[in-house]
Amino acid sequence: MDCFRLHKQLANGDPLFLTGVTFPSEYHASPETLVKLTVYDAKDKNQESSSLVGSATFSVGELLRAKDERLTLSLSSSASSVPRGIRAHGQNMKMSANAAPWYSDGACAAGTVVVSRLKMGEMEEVDVDHITTDVPSHKCPLVCESASHAGIDRENNPPTGPVFKNPICKVYRFQTEDSKWMLVREQMEECTLSFSVPKQLLSLYIQEDMSRVQDLRELGELSPHWDNLRKEVMTRYGGIISSYQETFAELDKITGRSFKPSCCKAQKSLQFIPINLHTQRMRVTCPKKTDAFYDIVTVGAPAAHFQGFKCGGLQRLLSRYEAEKKSFSTAYQCIYYSPQHTAKAQEVLSTMSLLQPLITSLAEQLLQAAQEHSCPGLRDALKNLSDKTEQFVHTLKDELVKSALLALHAARPGYVSKSQKQNPAQGGQHQGRVLQGAEQSPSPAQGLPGHSPATSTTDGTAMCNNVDGSQNPHPLMRGEGAPLKHQDSIPHHKEYDEEEWDRVWANVAKCLNCVIAMVDKLLEEDNSKQEPVPEQQQQQQQLADVIISHNPGTWKEQLCPLVTRLKECVMEVVEKARRGMTFVLLQEAACSIPQGFLLQQRRDVVFSQALAALACGFVMRLYAGMQDQGFLRQLHLVGLVAQFESLLSTYSEEIGMLEDMEVGISDLQRVLFQITEAQTDDFRDLQPLVCGRRDHFTVEVPLPRLVFQSLPAEIREGKPLRVFPVMFNVGINEQQTIAERFGDITLQERINQRNFETLEAYYKSLSEKLPLECLPSFQTQADLKELLETLGQNVVTKKRKNVEILWIAATICRRLNGIRFTSCKSAKDRTSMSVTLEQCALLRDEHQLSKDFFIRALDCMRSGEPRSWLSKPCTTTSSKPSCNNTLFVLSVALGSVQTDSEK
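A brief look at the structure comes next. On a predicted model such as this, the values are computed, not experimentally measured, just so you know.

**Structural notes on the overall build of the protein**
Part 1: Counting its regular elements, the protein contains 25 helices and 20 strands.
Part 2: A burial count over the protein gives 55% of its 903 residues as buried.
Part 3: A separation threshold of at least 6 residues defines the contact pool for the protein, and within that pool the share at least 24 residues apart is 78%.
Part 4: On the protein, roughly 39,500 Å² of surface is accessible, and the fraction owed to carbon and sulfur atoms is 50%.

Shown next, in the form of structure tokens:
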């Protein structure tokens, strides 16, 4: 193993470094295994240059046989060539290498190094007073540093979950106000969800877009104008699908890595992967007190670095896009649909895709119960079928569906509007032009809330679909002819039966009533006790009598025709509604070419990074609170708050990053979590699964059987669990100073104000549904309501770099059992400064850290902070070694970076 000595500017002596190394369990060691230590002298940890000091060799058997399992070895500098890296292996063994001061004029003696076997379970009894420099006032509180799961006390330390790997642990001892000693363990881990969640999302994006293309094909025959638009939209979707498939294939080739370093943030194949996603847990052990632990997730700001920020981020681009979309709809002769209408169309499609197969399955269960002559089974199946069918009917009872079907009818070949029939001369003057309607008929689309008022009812428009679409290949490039009128309303066609849709979906409800009546009749006949029935049930029985008189037989034989008719009606409704909603999305996509597709890709990228971070935090928080019944009640009754702390400035490119992050965090509101029982306890069966569409995603978190059985019934039954994302931003670097003096910080102020309102609404909902006694208790017993009021005051206060916003928001999040996230551009320098300061503040406020030790503790945690170095190898070495190698990270924390590939 390699050790590095780093010069410090101390007056009277050299520093002393203590580090722990654990060999991976897959390496098999024996007492004869040899370990070679090589020590280098590094002038500056930021530089690659280092000089060889010396080396020493020992066997594992010598270490185990030594008194107190401790060896003092002399360093020799006579070797002409010293191998880099660990040359021997051990299993489940930890060693600490203590490099003492060394200087010698001899050719061989170069100093000494102390090697000892370290037992983490005995850390509380370890006397660390000998870990000092020559200056008595400079005590180093770092007790040990390890890079293995073997160094974790699993009995007393709550598990972080099966999705975390490659832990880096540091243990410190600090003095309290009452002169006692507390033991503090820092544990930072990588998360496998950094890659697995984006890969699952990419697969879902591809499936959704391929399904959209298929729906467009199944729209049927359209007029030349609409058919050309359909082909262009399908071509755009094909480009996105091809790009996503290529990215997925590249990600599938990556093995071993479990996070993306910041040097790769603009790499195309990794654009869906979050930057430097890690978890950090601080566990505090105090005398005569219960251990406490504090979790935080650190991640680079979710942003589309590959696409860049020249034109801003998502928030600005989306606002500009919505403002320009109306003019696009005019050029493309489309109806302008608001974002609410587009979202509703996607919701209808998503709901239908879920409910239609579910209704079919429940109908089959009803027939199976009838065949088995099971009264309880019949009742349960009927109840479930009724609930889902009523939900299905309610979803489709929307004016948007009706108006979309009318618009689709108007887009068929040969369609001639009522106004054109009355003005045939005008219709022949110029094919393809939008004609003024002589009669004014109110359009169904005009009655929709949020519909564009650009065309009033006194200036109707109509379209003749007997047009050769090739005459106008691209409406935006026309240089001749009269300008097109805004096709903002749907023309009325007297031959189209506008009441047809109402009858179609109403038939579903009628079929369901027939099924209910029949089931009630069958159950009544089976009941030996005749009891008087209410008037409503008598009416249902009369209806069932009429049906039975024409269809006598067994229960299944009597139910089968009715159930079959119900399924047929549901399928008919699905087909019509799918075509209507697909036509809405076709028009929205046609108006979006090409900017809308680029924005969708950017939004996919940002959301992928945000969801990976959220899933990571949720799993960690779930495993940490598994024994807390108050937390579990809160989880299924209200949900959890996820607080994102952002340290981005409102200057230059970071404005675009902040705009991306704002939209990405907001989009997390579309995510639900669901706890499931894992098939086995195998690691692969405990990985979270993502399902759904862009408008709604569900993350399924499997738990081992015994753990799952201990959960509340509501969670075991699959109740969706909500997460409420909130984001607060305060820039803290020198660029923010420039922005506050000469720039604009309204973006930051708006973000903080909007998210404060969300947090306040969450607290109100929580206090109404759950007693506040279920929340965790802290030493600082500040009232939550008062904290919210203080936060609200700080949000509206004009103050430069008001970090009080972040402090108070973080405190409220922990008091609310929430999930804490901290982000900056790359989750390195600013993030590590924030995390270490928060940890020391928690030690001071909750565990009485001595005031004299506060600065020392802060300096100690920040010295060799691995998070600040995780991405350095990709920029300082040409070979770009894998950053998840624990030994590599350990060498980075000690000083200059040297790897085998550099030899």
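**What to know about the packing of helix 13 (residues 595-624) against helix 15 (residues 653-667)**
Part 1: Where helix 13 contacts helix 15, the axes come no closer than 9 Å and their chain directions differ by 65°. Judged by the inter-axis angle, helix 13 sits roughly perpendicular to helix 15. The way helix 13 lies across helix 15 gives a crossing that is right-handed. Residues Arg602, Arg603, Val606, Phe607 and Ala610 of helix 13 touch helix 15, and the partners they reach there are Asp660, Val663, Gly664, Ile665 and Asp667.
Part 2: Residues belonging to the contact of helix 13 with helix 15 are distributed by class as follows: five nonpolar, one polar and four charged.

**Quick word on the nonpolar core**
Part 1: Judged by nonpolar contacts, the single largest core of 147 residues is most densely connected at Leu366, Phe392, Leu559, Phe618 and Ile675.
Part 2: Apart from residues no more than four positions distant in its own chain, Leu366 is found in contact with Leu378, Ala381, Leu382, Leu385, Val515, Val519, Leu559 and Val563.
Part 3: Judged by nonpolar contacts, the second largest core, of 27 residues, contains Val730, Leu766, Leu775 and Leu788.

**Some thoughts on the environment of Gln601**
Part 1: With respect to the helices, strands and loops of the structure, Gln601 is situated in helix 13.
Part 2: For Gln601, a relative accessible area of 18% translates into the label buried.
Part 3: A C-alpha to C-alpha distance of 9.7 Å links Gln601 and Gln307, two positions 294 residues apart in sequence.
Part 4: Filtering out sequence-adjacent residues up to four positions away, Gln601 remains in contact with Ile240, Ser243, Tyr244 and Gln307.

**Details of the environment of Phe708**
Part 1: As for its placement among the helices and strands, Phe708 is situated in helix 16 (residues 705-709).
Part 2: Those residues within four positions of Phe708 in sequence are excluded, and the remaining contacts are Ile675, Thr676, Glu677, Leu703 and Arg716.

**Considerations on the environment of Ser116**
Part 1: The topology assignment puts Ser116 in strand 7 (residues 109-117).
Part 2: Along the sequence, Ser116 and Lys67 sit 49 residues apart, while their C-alpha atoms lie 9.8 Å from each other.

**Overview of the packing of helix 3 (residues 224-253) against helix 13**
Part 1: Running from N to C, helix 3 and helix 13 cross one another at 30°; their axes reach a closest spacing of 11 Å. In terms of orientation, helix 3 and helix 13 fall into the roughly parallel class. The hand of the helix 3/helix 13 crossing is right-handed. Along the contact surface, helix 3 presents Val233, Arg236, Tyr237, Ile240, Ser243 and Tyr244, while helix 13 presents Phe597, Gln600, Gln601 and Asp604.
Part 2: Tallied by class, residues from the contact of helix 3 with helix 13 come to five nonpolar, three polar and two charged.

**A closer look at a nonpolar patch on the surface**
Part 1: Judged by side-chain polarity, Tyr651, Ile738 and Phe742 come together as a nonpolar surface patch covering roughly 320 Å² of accessible area.
Part 2: The topology assignment puts Tyr651 in the loop between strand 15 (640-646) and helix 15.
Part 3: With a relative accessible area of 33%, Tyr651 lands in the partly exposed category.

**Observations concerning the packing of aromatic side chains**
Part 1: Throughout the structure, instances matching the rule amount to 11 aromatic pairs.
Part 2: Taking 5.3 Å as the distance between ring centres and 80° as the angle between the ring planes, the aromatic pair formed by Tyr237 and Phe597 counts as edge-to-face. Taken together, the residues span a long stretch of sequence, with Tyr237 in helix 3 and Phe597 in helix 13 at a distance of 360 residues.
Part 3: Each residue in the set Tyr205, Tyr244, Phe272, Phe607 and Phe697 is aromatic and connected to the rest through ring pairs, giving one cluster.
Part 4: We note Arg173 situated over the ring of Trp181; from NZ or CZ to the ring centre the distance is 3.9 Å.
Part 5: Above the face of the Phe853 ring, Arg856 is positioned so that its terminal group lies 4.9 Å from the ring centre.

**Observations concerning helix 7 (residues 399-410)**
Part 1: Under the 1.5 Å per step criterion, the end-to-end length of helix 7 is 17 Å for 12 residues, consistent within 8% with the ideal 16 Å.
Part 2: With 10 of 12 residues buried, helix 7 lies mostly within the body of the structure.
Part 3: Of all the residues in helix 7, the buried ones are Leu400, Val401, Lys402, Ser403, Ala404, Leu405, Leu406, Ala407, Leu408 and Ala410.
Part 4: Elements in contact with the buried residues of helix 7: helix 5 (339-371), helix 6 (375-396), helix 10 (500-526) and helix 12 (555-592).

**Side note on unusual backbone geometry**
Part 1: A positive phi angle, close to 55°, is found at Ser652, a residue other than glycine.
Part 2: Residue placement: Ser652 occurs in the loop between strand 15 and helix 15.
Part 3: Residue Ser652 is classed as partly exposed on the basis of its relative accessible area of 49%.
Part 4: We note that Asn817 has phi near 65°; this positive angle belongs to a residue other than glycine.
Part 5: In this fold, Asn817 is placed in the loop between helix 21 (804-815) and strand 20 (819-823).

**A look at the side chain of Glu208**
Part 1: If you trace the backbone, Glu208 turns up in helix 2 (residues 193-217).
Part 2: Classification of Glu208 as buried rests on a relative accessible area of 7%.
Part 3: A polar atom in the side chain of Glu208 sits 3.0 Å from the backbone nitrogen of Arg694.

**Focus: the pairing of strand 9 (residues 164-175)**
Part 1: Taking burial as the measure, the 12 residues of strand 9 include 10 buried ones, the bulk of the element.
Part 2: Note: strand 9 against strand 10 (residues 181-191), 10 bridges, orientation antiparallel. Along strand 10, the bridge assignment pairs Phe174 with Met182.

**Concerning a negative patch on the surface**
Part 1: Together, Glu757, Glu760, Asp783, Glu786 and Glu789 make up a region of like negative charge exposed at the surface.
Part 2: Elements supplying a minimum of two residues to the negative patch: helix 19 (746-769) and helix 20 (784-796).
Part 3: Looking at where Glu757 falls in the secondary structure, it is placed in helix 19.
Part 4: Glu757 sits in the partly exposed class, given a relative accessible area of 44%.

What counts as what
Residues numbered from 1 in each chain as written. Predicted model: local features only at pLDDT ≥ 70, side-chain atom pairs only at ≥ 80, totals over all residues. Heavy atoms only, no water. Helix = DSSP H or I, 4+ residues; strand = E, 2+ residues; numbered from the N terminus. Buried < 20%, exposed > 50% of the residue type's maximum accessible area, 1.4 Å probe, protein only. Contact = heavy atoms within 4.5 Å. Areas by Shrake-Rupley, 256 points an atom, 1.4 Å probe, with all protein chains shown as cover. Axes fitted to C-alpha atoms, helices over the stretch in contact; angles between N-to-C directions. Parallel < 35°, antiparallel > 145°, perpendicular 65-115°, else oblique. Left-handed = near helix turned anticlockwise from the far one by under 90°. Nonpolar A, V, L, I, M, F, W, Y, C, P; charged D, E, K, R; others polar. Core = buried A, V, L, I, M, F, W, Y, C linked by side-chain atoms within 4.5 Å. Patch = residues over 30% accessible without salt bridge, like charges linked within 9 Å, V, L, I, M, F, W, Y side chains within 5 Å. Salt bridge = Lys/Arg side-chain N within 4 Å of Asp/Glu carboxyl O. Phe/Tyr/Trp six-rings, centres within 6.5 Å; stacked < 30°, edge-to-face > 60°. Lys NZ or Arg CZ within 6 Å of the ring centre and 35° of its normal. Expected span 1.5 Å × (residues − 1). Polar contact = N/O pair within 3.5 Å; in protein donor to acceptor, adjacent residues only side chain to side chain. Pairing = 2+ DSSP bridges. Lys, Arg positive; Asp, Glu negative; His and termini not counted. Charge placed at Lys NZ, Arg CZ, Asp CG, Glu CD.

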